[in-house]
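# Descriptive structure summary
Residue-level listing of the chains:
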Amino acid sequence: MRELAERALRGDRRAIARLISLAESGSESLKEAMEIIHPRAGRAHVIGVTGVMGVGKSTLICEMALKYREMGKSVGIVAVDPTSPFTGGALLGDRVRMNPLASDGEVFIRSMGTRGKLGGLSGAVYDAVEILDASGKDIIIVETVGVGQAEVDVIRIADTTVVVLVPGLGDFIQTIKAGLMEIADIFVVNKSDRPGADSTVNELKSMMEISEKMVPVVCTSATEGEGVDELLVEVENHFQMLKDTGELERRRRRRYETELVEIVMGRLKKMIYDEGRFRESVGELVRRITDGELDPHSAAEEVLAGLLR
Amino acid sequence: MYDRKELESIRERERRWNQERVKEWLKKRPERAESFRTLSGIEVKRLYTPLDIEDLDYSEDIGFPGEYPFTRGIHATMYRGRLWTFRQFSGFGTAEETNERFKYLLAHGETGLSVAFDYPTLYGYDTDHPMAKGEFGKCGVAVSSLEDMEILFKDIPVDKITTSMTINGPAAIIWAMYIAAAEKRGIPKESLGGTIQNDILKEYIAQKSYIFPPEPSMRLIVDTIEYGMKYVPKWNTISISGYHIREAGATAVQELAFTLADGFEYVKAAISRGLDIDKFAPRLSFFFNAHNNFFEEIAKFRAARRLWARGMKELGAKKERSLWMRFHTQTAGCSLTAQQPEINVIRVTLQALAAVLGGTQSLHTNSLDEALALPSEKAVRIALRTQQIIAYESGVTDTVDPLGGSYYVEWLTERMEEEAQRYFDRIEELGGVIPAIEKGFFQREIAESAYRYQQEVERGERVIVGVNRYVMDEEIDIPILRVDEEGERRQIERLRRLKERRDSSKVRESLSRLKRAAEGDENLMPYILDCVKSYATLGETTDVLREVFGVYKEPIIF
Amino acid sequence: MERKIRVLVAKPGLDGHDRGAKVVARALRDAGMEVIYTGLHQTPEMIVETAIQEDAHVIGLSALSGAHFPLFPEVVRLLKERGVDDILVIGGGIIPPEDIPKLKAAGVDEVFGPGTPLNEIVEYIRRNVKR
């Protein structure tokens, strides 16, 4: 495990990939690796990119990465897609949009399923960001689909959160419903070559005036590669502002707090669901609840008491 | 169509039949399934009677062959006057090898040529391009320059025989090569007859051999339609295709609807350019699939003719020839099995028969080995003979539209038209064909149908003989066509020598003139012809267009 | 949080026939696997690099263009070159039966021709993943 971590720090792509897999599978031995990894993380600028399906996030991220590469910066991309709650499987197709990056050794792209995580991003995504950071990536982009509360939590992991919309009333409403308006550090109106782009920008600005929180709005056309330079300028400005005001530290603290809780919860869950002795006693408690002998809260007390022992 | 009193008495009789006779039989012997459905999911009744078509008007809805709405056929005498063209899609390896296959097929009775190109050619890459590695000649013939085209048609009377070329992204360039090669032999373009597939919309939807984005691709297509109208009047500059849409997993209804939607889109684009619909419409052609459900396919073809005629009238066509739907059919490749390959001959026979009873103008029958490789000589010969037996031995060609008037077939024709219309409305709601493509509408419908079909097969609800029933352990023992691997090297060498021989300054000039014209809005055909005649390669010419037009990236839909 | 099988479904070369690849991808997803689909026009290099970054257990190659030689063996060769020996490589498409032993000799673990039931592929993967 230590060896794997050392190799990852040196930039060995197989080691990086393997560590991320271990994080995803909830392996407890990951701790040994993260002991080495964590101190070396913290340098990278973590950018969250979210928005409802179909707004062109992946294409935009690809263009951003290409520009970063032109500037000599290395990039890590974590693309999170929903895992089916019914089958437990996932179709991870964001990479398709990133083919131009496929042969660049300084770009690492990892597709991850949400894996049944009901709210927020799983601990594994935090680990993936740390690992990529420690391996030397200057920029890390986390892509998630904004569908409800779950992915609003991208703000907990990102230093800078970019919310992407496209012109067209439907998407705008969806974005509002998804609660994505409040979390944006930067708005991007993508596919801005389409009709309605101007009115979308205006709607955004009006909404911001009402909530009295003005953030930059950038128009892009990712497929044409337009507007991306401007976006990166805003992203860089934001990062600079975070550093200057000390807000960066606050956000990082929030990230680690969320991550800590995630990891703890993950371990607890694992104990309840996976470990033999607990499974049995939990199973027994559930039977008693179903039979009406015991109420769920009292049962929970018993479980916690058992875990804490 | 029927007398009201008679209908009433039939209705009464049917009621009694259902309540008595049918009930009796169902008790004795329950039917083999809960319901019987076509591949499009249309439920098929136990019996069809005049009641099912009581609202149809013979003259208005069914009509006479050669007359609006052409349900029964576009020509008054159909196969009594002239049989469909036996046109076998072929190509592999080098131009020489394919030229031989053409000659073989012509000697065995084929009456029209059809060219299959290899993947690099389809994407506008020369054989020496890095992406072409390992792909040379594997699924069609490699044509990288005018020189290859000249070899491909050596000794073939292109002024007497028509050639269909399955090419889309670089269609204009390949067509230019064909024209130039003929002109070099003293055959003027006015006498050239044939087809280029040139249907980019279905590439985005199904076949995926697109190059440029939709807008410039449509421009190129209208350029070819316009050029053909003026200078190559016997040429069909587009073959609006449903075959590939079907192969990608669509149902018969989807094939019908999406193909015609594409067709109307092209017509609208040409009209926007200012072209006279009655001048270009007669040279639009279609290409359909002939799949397994016999009657559904026949109904599909009949519905297609009627829908097209009606739609073209609405778009302003006045001449009769503008309303004709002329189509080529290919039997369904996706229905062929790798298991017990010999039995594919039977599948192909039934599918071909459906195409004939559906009134196709031209037909390709698949070979029995195509689930394994490209057709061997023997296999393609059997495929050709299939058509010849249907044509000469079965008697179905002795009368026009023999299934016309069948209660089932007329009902099904009507149904398919309705279902297609429903799709037309959906597409309109989405803003038209191109917005629908960008939203992934077609791709989603097709992916759903493909998945559903596969699940039906897995559950045994859809029987495929040899695959999920009547399976056997077998040693497949049929000759497999091998593409000569050396050919790739020889082709690369040929290209190298061509580039040495030719006048490079002429090539550069013609390419740069093409670039300028592409940036403007002139018709590109004359410029492409110049490039091709100077022996600029396919790749060099396509690259110029790639530079100006950009390349297309597809939305990923499962 | 348990181990999920990660499968890379790839279309090497210029072949644009993706019906089968997509149907298989869906079936694998329905069987609880994580499927990374790369899209069309992948070079063997891109496929191997993607498999490494995604830490895939399986690479599924689909070719209906006849280009399975040389593309499938090339993928295997590149994996070996990168020192990767624990990825299952399977293929499908239009492949003559006589090519199958040659592909296997070149390192492809299994070939699934047309008509293969989807659950056969799922079961094969479950039984044969190398880690």
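Along each chain, numbering runs from 1 in the same order as the chain's sequence is written. As they are written, the chains are lettered A onward and the ligands numbered 1 onward, keeping that order. Under the rules for a predicted model, residues below a pLDDT of 70 receive no local features and side-chain atom pairs below 80 are neither given nor counted, while totals for whole chains, interfaces and linings still include all residues. Values shown for side chains rest on all heavy atoms present in the structure; no hydrogens or waters enter the calculation.

## With respect to the domain arrangement of chain B
Residue and element names in this part refer to chain B. Under the domain assignment, chain B is made up of domain 1 (4–58) and domain 2 (76–91 + 109–116 + 158–458). Boundary definitions for the domains trace back to an automatic or database domain assignment. The straight-line distance from the C-alpha centre of domain 1 to that of domain 2 is 33 Å. Note on contacts: a residue pair qualifies if any of its non-hydrogen atoms lie within 4.5 Å across the two residues. In this complex, domain 1 contributes 13 residues to the contact, which on the side of domain 2 involves 18 residues. In terms of surface lost to domain 2, no three residues of domain 1 exceed Leu39, Ile42 and Tyr48, which account for 47% of the buried area on that side. The term salt bridge refers to a pairing of a side-chain nitrogen on Lys or Arg with a carboxyl oxygen on Asp or Glu at a separation within 4 Å. Where domain 1 meets domain 2, there are zero salt bridges. Any pair of nitrogen or oxygen atoms within 3.5 Å is treated as a polar contact; in protein, a donor-acceptor pairing is required on top of that, and neighbouring residues in sequence qualify only through side-chain atoms on both sides. Taken together, domain 1 and domain 2 are joined by five residue pairs in polar contact (both at pLDDT 80 or more). By buried area we mean the combined loss of accessible area, with a 1.4 Å probe, across both parts when two parts are placed together.

## Describing the sheet that holds strand β3 (residues 58–63) of chain C
Overall, parallel pairing links the six strands, which are arranged β3(A)-β2(C)-β1(C)-β3(C)-β4(C)-β5(C) in an open sheet. The open sheet terminates on both sides in strands that have one partner only, identified here as β3 (90–92) of chain A together with β5 (110–112) of chain C. Pairwise comparison of adjacent strand axes, ignoring direction, gives a mean angle of 25 degrees for this sheet. By the convention used here, strands pair only if DSSP detects at least 2 bridges between them. For the purposes of this entry, the term helix denotes a DSSP run of H or I that reaches at least four residues, the term strand denotes a run of E that reaches at least two, and both are numbered from the N terminus. Two elements, β3 of chain C and strand β4 (residues 88–93) of chain C, share six bridges in a ladder whose sense is parallel. Fitted lines through C-alpha atoms give the axes, limited to the stretch in contact for helices. The angle between two N-to-C directions lies from 0 to 180 degrees.

## Observations concerning the interface of chain B and chain C
You'll often see interface size given as the accessible area lost when the parts meet. Facing 39 residues of chain B, the contacting portion of chain C comprises 37 residues. Carbon and sulfur atoms make up 57% of the area that chain B and chain C hide from each other, which totals about 3,000 Å². Among the salt bridges present, the one from arginine 482 of chain B reaches glutamate 98 of chain C, with a minimum N-O distance of 3.1 Å. For the interface between chain B and chain C, the tally reads 14 residue pairs in polar contact (both at pLDDT 80 or more). The set of elements that each furnish at least two residues to the side of chain B that touches chain C consists of α5 (119–122), α10 (243–247) and α18 (441–458) of chain B. Sorting elements by how many residues they give to the side of chain B that touches chain C places α18 of chain B first, with seven residues. In this classification, Asp, Glu, Lys and Arg are treated as charged, Ala, Val, Leu, Ile, Met, Phe, Trp, Tyr, Cys and Pro as nonpolar, and every other residue, Gly included, as polar. Counted by class, the side of chain B that touches chain C contains 23 nonpolar, five polar and 11 charged residues.

## Structural notes on a nonpolar patch on the surface
A cluster of nonpolar residues, Leu260, Val261, Val264, Met265 and Leu268 of chain A, forms a patch on the protein surface that exposes about 430 Å² of accessible area. With respect to the helices, strands and loops of the structure, leucine 268 of chain A is situated in helix α11 (residues 247–274). Patch criteria: residues need more than 30% relative accessible area and no salt bridge. Like-charged residues are merged within 9 Å; nonpolar side chains of Val, Leu, Ile, Met, Phe, Trp and Tyr are merged within 5 Å. Using a 1.4 Å probe, accessible areas were evaluated by the Shrake-Rupley method; residue-level cover was limited to the displayed protein chains.

## Considering the packing of helix α7 (residues 171–184) of chain B against helix α22 (residues 538–549) of chain B
Residue and element names in this part refer to chain B. In contact at an axis separation of 10 Å, α7 and α22 are set at 140 degrees when each is read in the N-to-C sense. Classified by the angle between their axes, α7 and α22 sit oblique to one another. Seen along the crossing, α7 lies across α22 with a hand that is right-handed. Seen from α7, the contacting residues are Ile173, Ile174 and Met177; seen from α22, they are Leu538, Thr541, Thr542 and Leu545. The residue inventory of the contact of α7 with α22, partitioned by class, reads five nonpolar, two polar and no charged. Any angle that is under 35 degrees is reported as roughly parallel, and any over 145 degrees as roughly antiparallel; angles of 65 to 115 degrees are reported as roughly perpendicular and all others as oblique. Each crossing is labelled by how the near helix is turned from the far one, with a counterclockwise turn of less than a right angle marking it left-handed and a clockwise turn marking it right-handed.

## Observations concerning the pairing of strand β4 (residues 107–113) of chain A
Moving residue by residue along a regular strand, the side chains alternate between the two faces of the sheet. All names here are of chain A. Each residue is placed in one exposure class: buried if its accessible area under a 1.4 Å probe, protein chains only, is under 20% of its type's maximum, exposed if it is over 50%, and partly exposed if it falls in between. Most of β4 is tucked away: seven of the seven residues are buried. With burial as the criterion, each face of β4 is covered, one bearing Val107, Ile109, Ser111 and Gly113 and the other bearing Phe108, Arg110 and Met112. As judged from the seven bridges shared by strand β2 (residues 75–81) and β4, these two strands associate in the parallel manner. Within the sheet, the bridge partner assigned to glycine 76 lies in β4 and is phenylalanine 108.

## Remarks on the packing of aromatic side chains
All names here are of chain B. Between 30 and 60 degrees the pair is tilted, below 30 it is stacked and above 60 it is edge-to-face, where a pair is any two Phe, Tyr or Trp rings, Trp via its six-membered ring, whose centres lie within 6.5 Å. What the rule picks out here adds up to 33 aromatic pairs over all chains. Ring centres of tyrosine 210 and tyrosine 552 lie 4.9 Å apart, and the angle between their planes is 80 degrees; on these two criteria the pair is classed as edge-to-face. In this pair, tyrosine 210 sits in the loop between α8 (200–207) and α9 (214–231) while tyrosine 552 sits in the segment after α22, placing the two residues 342 residues apart along the sequence. For tyrosine 210, a relative accessible area of 7% gives the class buried. The class of tyrosine 552 is buried, set by a relative accessible area of 12%. The structure contains a cluster of three or more aromatic residues connected by ring pairs, namely Phe102, Phe153, Trp175, Tyr178, Tyr227, Tyr231 and Trp235. The ring centre of tryptophan 25 lies 4.2 Å from the NZ or CZ of lysine 28, which sits over that ring. Geometrically, a charge over a ring is one whose NZ (Lys) or CZ (Arg) sits within 6 Å of the ring centre while staying within 35 degrees of the ring normal. Sitting above the plane of the tyrosine 68 ring, lysine 313 keeps its charged end 3.9 Å from the centroid.

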